[in-house]
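Listed below are the residues making up each chain.
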Amino acid sequence: MSLASTETHSRSWWRENQQKLTPYIFLIPGVIFFLVYVIIPIFESFWLSAYSWDGLGEKEFIGMSNYAELFDDEAFYTSLKNNVIWLVLYLLAIPAGLGIAIFLNQKIPGMRAYKSLFFFPFVISQVVVGLIFAWFYAPGFGLFYMIIEKLTGSEIAILADERFATYGIIVAGLWPQIAYCMILYLTGLNAVDPEQIEAARLDGAKSFKMLWYIILPQLRPATFLAMVVTVIGALRSFDLVSIMTDGGPYGSTRVLSFYMYEQALSEYGYRMGYGASVAVVLFLIMMVFISGFIWKMVGDERKGL
């Protein structure tokens, strides 16, 4: 076959298959990046958790010893307990975001300004959020500190008190998380079928019944996404802990992601294998929650069909 006929054949084949192949061509770079920066590191974490390694010298295979030490580590259980607290309280962002979204979905003068104010926390960095709330709680000049002092007559340094520090950080995290859930629900509310709402009104459905039976079922995809993002945000809560307390006081605000960093990468650790074992546990916890959400959503979709 001549070169000219080969080129002609290639062009005709491309014209015939161009529409089918184009989506895959666009997907290939993203798939490669996902494999290199997400999937491969996950398997490497499992592999590395079976070794003792300081990041520079030779690796020493120790099997399950890192996990045996981990499950006998008091700091690990403190981090795990704090992650559970984060998870439970962070879920408040979902109903709060829904409530704000329903309020902002009204057509009244000045609503765009209100939307901008509620949207603001989402666009600023978590580091900035942490600094704002650290100043907000700061003894002596923090607004929250002064309000509590005026109301109760007692001085409470939130971030320096083991009883309150974790909750203070969670409140800081909830501020942008509520804004994110609000955006998801605002998008979902735009897709709600107005004919169903009108039909429900004619049948006498009002307020809570309208929300529960008509609006919420149509917001199921937004709720699923809000749930997944909120759970992931609660379990990987590193930046706010690092900025606001650095794990203190006395390690009482550590979470699993921060403890992983502390053991593997900080000047107190350089135990890569032990840090990888913490990462594996955190990954498995995330997978349990996310798999559960996906299983439930698929089941609900099948019931709907």
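Up top is the structure.
Sequence positions are assigned chain by chain, starting from 1 and proceeding in written order. In keeping with the model being predicted, local features are shown solely for residues with a pLDDT of at least 70 and side-chain atom pairs are shown and tallied solely at 80 or more, while totals for entire chains, interfaces and linings include all residues. For side-chain calculations, the full set of non-hydrogen atoms in the structure is used, while hydrogens and water are omitted.

Q: Would you explain the packing of aromatic side chains in this entry?
A: Two numbers describe a pair of aromatic rings. These are the distance of the centres and the angle of the planes. Classification of ring pairs uses Phe, Tyr and Trp, with its six-membered ring standing for Trp, and accepts pairs whose centres are within 6.5 Å; under 30 degrees between planes counts as stacked, over 60 as edge-to-face, and the remaining range as tilted. In the structure shown here, the tally under the stated rule is 19 aromatic pairs. A centroid spacing of 6.0 Å and a plane angle of 90° characterise the contact between F46 and F283, whose relative ring orientation is edge-to-face. Of this pair, F46 sits in helix α1 (residues 3-48) while F283 sits in helix α14 (residues 272-304), and the two are 237 residues apart along the sequence. Classification of F46 as partly exposed rests on a relative accessible area of 35%. Residue classification places F283 among the partly exposed residues on the basis of a relative accessible area of 25%. Ring geometry for F119 and F122: centres 5.8 Å apart, planes at 55°, overall tilted. Of this pair, F119 and F122 both sit in helix α5 (residues 111-123), 3 residues apart, which is roughly one turn of that helix. For every residue, the accessible area (1.4 Å probe, protein chains only) is compared with the maximum for its type, and the residue is labelled buried under 20%, exposed over 50%, or partly exposed between those bounds. Since its relative accessible area comes to 35%, F119 is described here as partly exposed. Linked through ring pairs, F120, F133, F136, Y137, F144 and W175 together constitute an aromatic cluster. The lysine or arginine in question, K59, covers the ring of W53, its NZ or CZ lying 4.2 Å from the ring centre. Here the basic side chain of R271 rests over the ring of Y274, its NZ or CZ set 4.3 Å away from the ring centre. The numbering of helices and of strands both runs from the N terminus, where a helix is a DSSP run of H or I of at least 4 residues and a strand a run of E of at least 2. In this analysis the charged atom, NZ for Lys or CZ for Arg, is taken to sit over a ring once it is within 6 Å of the ring centre and within 35 degrees of the ring normal.

Interpretation in functional terms is not warranted from these geometric data alone.
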